[in-house]
Amino acid sequence: MQGAGEEVAGVIAITKIAALAYLMFNLYTPPCFAAIGAMNAEMKSSKWVWGGIGLQFSVGFIVAYLVYTLGTLMTAPETLNLVGALAGLGIVCIIIITISILIKNTNQKLKDEYSLNNK
């Protein structure tokens, strides 16, 4: 059974690093529909539910991107697609900027809503 993993990986043409990145993505993506339904019941706002699902997908993508890119750089740097890696880095930057803006706006709205100087 020692070479079984390599044999399967060769048949479906996936590297060990790519398989690990796939597992990391699945680890951080949204859970089953029942858990999403529980999120919906607890949050009572479809906006926050979709935001939570989007955040989970974003975290999953970022973790998988980092695992794949850094793992490929450490194990087989000559096989890394530089254009794809830079495109992924651009997407990661866009995700981080978007989340930062949303957090800033939400914090400002909460500060305005709960300030003592409401008019």
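Residues numbered from 1 in each chain as written. Predicted model: local features only at pLDDT ≥ 70, side-chain atom pairs only at ≥ 80, totals over all residues. Heavy atoms only, no water.

Let us now look at the packing of helix H3 (residues 33-43) against helix H4 (residues 46-75). Viewed as axis vectors pointing N to C, H3 and H4 meet at an angle of 135°, and their least axial separation amounts to 9 Å. As the angle between them shows, H3 and H4 are arranged oblique. Seen from above, H3 lies across H4 with right-handed handedness. Of the residues in H4, those touching H3 at Ile36, Met39, Asn40 and Met43 are Trp48, Val49, Gly52, Ile53 and Gln56. Its residues placed into classes, the contact of H3 with H4 shows 6 nonpolar, 3 polar and no charged. (Axes fitted to C-alpha atoms, helices over the stretch in contact; angles between N-to-C directions. Helix = DSSP H or I, 4+ residues; strand = E, 2+ residues; numbered from the N terminus. Parallel < 35°, antiparallel > 145°, perpendicular 65-115°, else oblique. Left-handed = near helix turned anticlockwise from the far one by under 90°. Contact = heavy atoms within 4.5 Å. Nonpolar A, V, L, I, M, F, W, Y, C, P; charged D, E, K, R; others polar.)

The next point concerns the environment of Ile95. Along the chain, Ile95 turns up in helix H5 (residues 82-113). The buried category is assigned to Ile95, whose relative accessible area is 15%. In this structure the C-alpha to C-alpha distance between Ile95 and Gly54, which are 41 residues apart in sequence, comes to 10.0 Å. Residues within four places of Ile95 in sequence aside, it is in contact with Ser58, Phe61 and Ile62. (Buried < 20%, exposed > 50% of the residue type's maximum accessible area, 1.4 Å probe, protein only.)

This paragraph deals with the packing of aromatic side chains. Under the counting rule described, the total for this entry stands at 2 aromatic pairs. Ring geometry for Phe61 and Tyr65: centres 6.5 Å apart, planes at 15°, overall stacked. With a gap of 4 residues between them, Phe61 and Tyr65 both fall in helix H4, about one helical turn apart. Taking relative accessible area as the criterion, Phe61 reaches 28% and is therefore assigned partly exposed. (Phe/Tyr/Trp six-rings, centres within 6.5 Å; stacked < 30°, edge-to-face > 60°.)

Another aspect to go through is the layout of surface pockets. Computed from the structure, the largest pocket encloses a volume of approximately 550 Å³. In terms of lining residues, the largest pocket is bounded by 17 residues, among which Trp48, Gly51, Leu102, Ile103 and Thr106 are the most central. Counting residues per element, the lining of the largest pocket draws most heavily on H5, at 9 residues. Partitioning the lining of the largest pocket into residue classes produces 7 nonpolar, 7 polar and 3 charged. (1 Å grid on protein atoms, 1.4 Å probe; cavity = no way out; pocket = protein on both sides within 12 Å on 5 of 7 lines; lining within 4 Å. Points joined across faces, edges and corners; volume = space filled by probe spheres on them.)

If you look at the biggest cluster of nonpolar residues, it comprises 6 residues: Ile62, Tyr65, Leu80, Ala85, Val92 and Ile95. Sorting the residues of this core by element identifies H4 and H5 as the ones contributing at least two each. The element that contributes the greatest number of residues to this core is H5, accounting for 3 residues. Every residue in contact with Leu80, bar those within four places of it in the chain, is listed here: Tyr68, Thr69, Thr72, Leu73 and Ala85. (Core = buried A, V, L, I, M, F, W, Y, C linked by side-chain atoms within 4.5 Å.)

What follows concerns H4. Here H4 contains 30 residues, and its C-alpha end-to-end distance of 43 Å stays within 8% of the 44 Å for a straight helix at 1.5 Å per residue. Three or more residues of H4 are buried, namely Val49, Gly52, Ile53, Ser58, Gly60, Ile62, Ala64, Tyr65, Thr69, Gly71 and Thr72. Residues of H4 that are buried sit in contact with helix H2 (16-28), H3 and H5. (Expected span 1.5 Å × (residues − 1).)

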